[in-house]
Amino acid sequence: SWETVLKEKSEDMIHVLQFPYNGEAPSGRLIKTELTNNKDHFVRNHGGIPDIDPDKWTLDIGGLVKTPQKLTLAQLQDGSIFPRQSNIATLQCSGTRRIEQIHEYPGDGDELINAPWGEGAIATARWTGVSLKKVIKYCGGLVGNADNIEFYGADTYFKKGSVHNYTVSVPWRKVKAHEVLLAWEMNGEPLPKIHGSPVRVVVYGYIGARSVKWLYKIKAIHHPSAAPVQRKEYLYYTPQIGKQNAQYSNGFSIQDMPVSSAIITPQNMGQIIHDGKIRLSGWAYSGGGHWPVRVEVSGDGGSIWYEVPAENMSTKYFYAWRTWWIDLPVDAEGWLEMCVRCWDNAMNTQPTFVRSAWNWDLHVTSSAHRVKIYSIN
Ligand code: MTE
Ligand code: MO
């Protein structure tokens, strides 16, 4: 699988973990384009990278559907049965910017699962495939109390001594809203192996963990999946939960991603020689069907905020990030703290400090992002 990494990823990827392979693009390149190059798209794996022959691949759809089906790739891609859907959507791992929480307090420490991500466990692509709702309809619809849809990935991983297929679920209402895509194309190219070839799930606005790669089975079920990834991972704990009292049942299962943002340039701890203006740039994103409407930056740790001019923000899509830049007026010299916060269309904004939202499993670091720079004016 290391061969796949070398073939499908940029040479200078930051290898956050080598096995299971997890990598993010060097941050300088992350926001160069609105859509991320496939080679620069972050990779988040729990196990190996399966090698699936697309000609032999089938998709099982069963559980609480009227007529269970087994589809080949050719059938799924037959436009006369399943109309194609194409959407620009951001995929964000709930571990994005985890390193900031680790610096605050390391938490769970299950580092095999909790990779120490920087600002790059997020990327945007145009995904093409079929809306899962159409596929369920092809099966005659749901029967009984089918409130959740479960996805099975062909990869396996080890957790606390046992081996599991990667399995999670999403609520039916998300599928019903046409916000769940079975995708075989990424930015106009066949899905790369490392991103789930031949077919993966893409759930718009949810944490990346629900977008199952190497999909081979779909099951309509009543309760959310009982699989360990669903029940024991991607849980959000209150700040009172820690080593002494952490229990899976106390965690809240994360689905929608909150509003967040990051400064990509300048990088932390750099020295900047300027004439009264420092150029900042970065990304801003909101999940759950929301989108960024306002980005604000500060050059003094968050006392005075400047709004990023609307024309310096990239295109607004319903399910994607917006990149932004601003020339921030700066008179002060010496060490300064630059920060950014975003407001979404529901008027949500970000917690002020990392510790405002620190949590035991170190998920969803969405506080105002801060970088220190040395200013010479
Ligand atoms: N699907 C499978 N089968 N196995 C995995 O380990 N990781 C999930 C999700 N789907 C995972 C998976 C997580 S946590 C994330 S953030 C996204 O895939 C990352 O997708 P990417 O590697 O294409 O960027
Ligand atoms: Mo993730």
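Residues numbered from 1 in each chain as written. Chains lettered and ligands numbered in written order. Predicted model: local features only at pLDDT ≥ 70, side-chain atom pairs only at ≥ 80, totals over all residues. Heavy atoms only, no water.

## Some words on the pattern of salt bridges
For step 1, the next point in the chain: Under the criterion given, the structure shown has 13 salt bridges.
For step 2, the next point in the chain: The closest approach of N and O atoms between Glu104 and Arg355, which form a salt bridge, is 3.9 Å. In this pair, Glu104 is assigned in helix α4 (residues 98-104) and Arg355 in the loop between β22 (334-344) and β23 (369-376), connecting sequence segments 251 residues apart.
For step 3, the next point in the chain: According to the relative accessible area criterion, Glu104 is partly exposed, its value standing at 39%.
For step 4, the next point in the chain: On the basis of relative accessible area, Arg355 is assigned to the exposed category, the value being 55%.
For step 5, the next point in the chain: When the shortest N-O distance is used, the salt bridge between Lys174 and Glu179 registers 2.8 Å.
For step 6, the next point in the chain: On the basis of relative accessibility, which here comes to 15%, the residue Glu179 falls in the buried class.
For step 7, the next point in the chain: When salt bridges with common partners are traced through the structure, they connect Asp12, Arg29 and Asp40 into a single cluster. (Salt bridge = Lys/Arg side-chain N within 4 Å of Asp/Glu carboxyl O. Helix = DSSP H or I, 4+ residues; strand = E, 2+ residues; numbered from the N terminus. Buried < 20%, exposed > 50% of the residue type's maximum accessible area, 1.4 Å probe, protein only.)

## Details of unusual backbone geometry
Trans peptide bonds make up the majority, and among non-glycine residues the majority have a negative phi.
For step 1, the next point in the chain: With an omega dihedral of 5°, the bond running from Ser197 to Pro198 counts as a cis peptide bond.
For step 2, the next point in the chain: Between Thr265 and the following residue, Pro266, the backbone shows a cis peptide bond with an omega angle of -5°.
For step 3, the next point in the chain: Counting through the fold element by element, Pro266 comes out in the loop between β16 (260-265) and β17 (270-273).
For step 4, the next point in the chain: Look at Arg97: it is not a glycine, yet its phi comes out positive at around 65°.
For step 5, the next point in the chain: Structurally, Arg97 can be placed in the loop between β6 (85-92) and α4.
For step 6, the next point in the chain: What makes Arg97 buried here is its relative accessible area of 1%.
For step 7, the next point in the chain: Despite not being glycine, Tyr234 shows a phi value in the positive range, around 55°.
For step 8, the next point in the chain: Turning to its location among the elements, Tyr234 is positioned in the loop between α7 (228-232) and β14 (235-236).

## Things to note about the site of ligand 1
For step 1, the next point in the chain: Phe42, Asp155, His195, Arg200 and Lys213 are the nearest of the 20 residues found near ligand 1.
For step 2, the next point in the chain: His46 places a polar side-chain atom, nitrogen or oxygen, 2.8 Å from an oxygen atom of ligand 1.
For step 3, the next point in the chain: Within the contact set of ligand 1, a nitrogen atom lies 2.9 Å away from a backbone nitrogen or oxygen of Ser211.
For step 4, the next point in the chain: Considering ligand 1 on its own, with 530 Å² of exposed area, one finds that the protein chains cover 100% of that surface.
For step 5, the next point in the chain: Looking at the shell around ligand 1, its residues break down into 9 nonpolar, 7 polar and 4 charged. (Near = heavy atom within 4 Å. Polar contact = N/O pair within 3.5 Å; in protein donor to acceptor, adjacent residues only side chain to side chain. Areas by Shrake-Rupley, 256 points an atom, 1.4 Å probe, with all protein chains shown as cover. Nonpolar A, V, L, I, M, F, W, Y, C, P; charged D, E, K, R; others polar.)

## Structural notes on the packing of aromatic side chains
For step 1, the next point in the chain: A full pass over the atoms with the stated rule returns 8 aromatic pairs.
For step 2, the next point in the chain: Seen in terms of ring centroids, Phe42 and Trp117 are 6.0 Å apart; in terms of plane orientation they differ by 85°. Their pairing is edge-to-face. On the criterion of sequence distance, the pair formed by Phe42 in the loop between α2 (27-30) and β3 (43-44) and Trp117 in the loop between α4 and β7 (122-131) is long-range, its members being 75 residues apart. Each of the two residues, Phe42 as well as Trp117, counts as buried.
For step 3, the next point in the chain: When the ring centre of Tyr152 is taken as reference, the NZ or CZ atom of Lys217 above it lies at 4.3 Å.
For step 4, the next point in the chain: Across from the ring centre of Trp343, 5.0 Å away, lies the NZ or CZ of Arg294, which sits over that ring. (Phe/Tyr/Trp six-rings, centres within 6.5 Å; stacked < 30°, edge-to-face > 60°. Lys NZ or Arg CZ within 6 Å of the ring centre and 35° of its normal.)

## Topic: the sheet that holds strand β8 (residues 148-159)
For step 1, the next point in the chain: Spatially, the 5 strands line up as an open sheet ordered β5-β4-β13-β8-β9, and their pairing is mixed. Both edges of this open sheet fall to β5 (69-72) and β9 (162-171), since each of them pairs with a single strand only. The mean angle between the axes of side-by-side strands here comes to 25°, regardless of whether they run parallel or antiparallel.
For step 2, the next point in the chain: When β8 meets strand β13 (residues 215-221), the two strands line up antiparallel, connected through 6 bridges. Bridge pairing in β13 places Glu150 opposite Lys219. (Pairing = 2+ DSSP bridges. Axes fitted to C-alpha atoms, helices over the stretch in contact; angles between N-to-C directions.)

## Focus: the pairing of β6
For step 1, the next point in the chain: Counting buried positions along β6 gives 6 out of 8 residues, so the element sits mostly inside the fold.
For step 2, the next point in the chain: Pairing geometry for β6 and β7, over 8 bridges, is antiparallel. Residue pairing in the sheet places Ala89 in a bridge with Ala125 of β7.

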